[in-house]
Amino acid sequence: MSTREQIMGRIRRALADVPRDEAPGRGPGGPGYLRVHGERDPGQSADLLAENLTDYRAVVHRTTAAELPLRLAALLAARGARSVVVPAGLPGGWLAEAKDVEQVTDTAELTAFALDAVDSVVTGCAVAIAETGTIVLDAGPDQGRRRITLVPDHHVVVVRAPEQVVDSVPQALERLDPLRPLTWISGPSATSDIELDRVEGVHGPRTLEVVLVTP
C-alpha cells in the first residue's frame, strides 16, 4: 500500500460516520470558527478591501456606475494600451468610451501567443474578499477564460460594491461553485528568489488595477 493510499484510508475511516451532505464545520460539535472578524457595514467592507488590495500592490480606483466607462477609457489611455482583450459577456457599455483601443473579443481561437501581443484585459469578477484583499474569478461571462487574465501584462478588474464584496473567505465560498475554474487573485503576480528579490509578472499580470464601483 502506498503512502497516499494509507492517508486516504485514514481520512475515509475518520469520516465514516459523517453524512455525505453535511457541510464542513456545520455538524454537532463543529469547530465553531468565526465566519467573519468584526462587524462592518458595506462601506467599511469596501474600504477594507481597498486597503488590503493596496497592501498587495494592486492599484485601486473608485468610481460610480455612470462614470465607469470614462474611468476604464482613462486607465487604458494612461497605460498606453492599443488593444484590450474583452470577455464575450462583458457589459457592452463598460468600454464604450475606449474608442481608440482595439477590442479583441475572447474566443477559443485566441492563443496564448496572440494574447501576449495584447496590451490589456478588462474583466468583471465573481466575488471580492475584504479581509484578505482577494478577488475571485470563476470564468463567468464577464470574466472569460482563465488564460486571458494570466497572459496580458495589464489586468483591469471591475468590482461592484456592495453586491460583490464579502468580508471573509467562508462567505465567499458560499457564493462560489467549486466545479467552476476558480482563480484567486491577491495583487499582481509576483515571486521572490532565495535573496527575497521580488519579481512581478512571472505567473500573470505585472500590473493589477481594481476599479471599485460604488453607489
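For the structure given in this document, a descriptive report is provided here. Just so we're clear, the structure is a prediction, and the values are computed from it rather than from any experiment.

### Here's the deal with unusual backbone geometry
- Looking along the chain, the bond that leaves Ala-161 and enters Pro-162 is cis, with omega of 10°.
- The topology assignment puts Pro-162 in the loop between strand 7 (154-160) and strand 8 (165-166).
- Despite not being glycine, Ala-139 shows a phi value in the positive range, around 60°.
- Summarising the element assignment, Ala-139 is placed in the loop between strand 6 (134-137) and strand 7.
- Classification of Ala-139 as partly exposed rests on a relative accessible area of 28%.

### A few points about empty space enclosed by the protein
- As enumerated under the stated definition, the model contains one cavity of 30 Å³ or more in all.
- Lining of the largest cavity is provided by Leu-137, Ala-139, Gln-143, Gly-144, Arg-145, Arg-146, Thr-149, Pro-181 and Thr-183.
- Looking at the lining of the largest cavity residue by residue, the class counts come to three nonpolar, four polar and two charged.

### Observations concerning helix 2 (residues 42-55)
- Here helix 2 spans 20 Å end to end across 14 residues, near enough to the 20 Å set by a 1.5 Å rise per residue.
- Residues of helix 2 that are buried include every one of Ser-45, Ala-46, Leu-48, Leu-49, Ala-50, Asn-52 and Leu-53, and no others.
- The inward-facing, buried residues of helix 2 abut strand 1 (59-63), strand 5 (127-129), strand 6, strand 7, strand 8 and strand 12 (207-213).
- Where helix 2 begins, the capping side chain belongs to Asp-41, and its oxygen is found 3.1 Å from the backbone nitrogen of Gly-43.
- Directly after helix 2, the chain includes Arg-57, whose backbone phi takes a positive value near 75°.

### Some points on the pattern of salt bridges
- If you walk through the whole model with that rule in mind, you get eleven salt bridges.
- Where Arg-79 meets Asp-153, a salt bridge forms, and the shortest distance between an N and an O atom there is 3.5 Å. Of this pair, Arg-79 sits in helix 3 (residues 68-79) while Asp-153 sits in the loop between strand 6 and strand 7; the two residues are 74 residues apart in sequence, bridging distant segments of the chain.
- Among the residues examined, Asp-153 registers a relative accessible area of 25% and is labelled partly exposed.

The rules we used
- Note that residues are indexed from 1 along each chain, following the sequence as it is written.
- Where local features are concerned, this predicted model is filtered to residues with pLDDT of at least 70; where side-chain atom pairs are given and counted, the filter is 80 or more; whole-chain, interface and lining totals use all residues.
- As a convention, hydrogens and water are excluded, and side-chain values are obtained from all of the structure's heavy atoms.
- Secondary structure counts use DSSP, requiring at least four H or I residues in a row for a helix and at least two E residues in a row for a strand, with both numbered from the N terminus.
- For each residue, the accessible area found with a 1.4 Å probe, counting protein chains only, is set against the maximum for its type, and the residue is called buried under 20%, exposed over 50%, and partly exposed in between.
- Each cavity reported here is a set of points on a 1 Å grid over the protein atoms alone in which a 1.4 Å probe fits but cannot get out, each pocket an open set with protein on both sides within 12 Å along at least five of seven lines, and each lining residue one with an atom within 4 Å of a point.
- Grid points are joined across faces, edges and corners, and a volume is the space filled by probe spheres set on the points.
- Gly is placed with the polar residues, together with every amino acid not listed as nonpolar (Ala, Val, Leu, Ile, Met, Phe, Trp, Tyr, Cys and Pro) or charged (Asp, Glu, Lys and Arg).
- For a helix, the expected span equals 1.5 Å multiplied by the residue count minus one.
- Whether two residues are in contact is decided by their heavy atoms, any of which lying within 4.5 Å being enough.
- Contacts described as polar in this section are N or O atom pairs within 3.5 Å, which, within protein, must combine one atom able to donate a hydrogen with one able to accept it, while residues neighboring in sequence count only if both atoms come from side chains.
- We define a salt bridge as a contact between a side-chain nitrogen of Lys or Arg and a carboxyl oxygen of Asp or Glu at a distance within 4 Å.

All we've got here are geometric facts, nothing functional implied.
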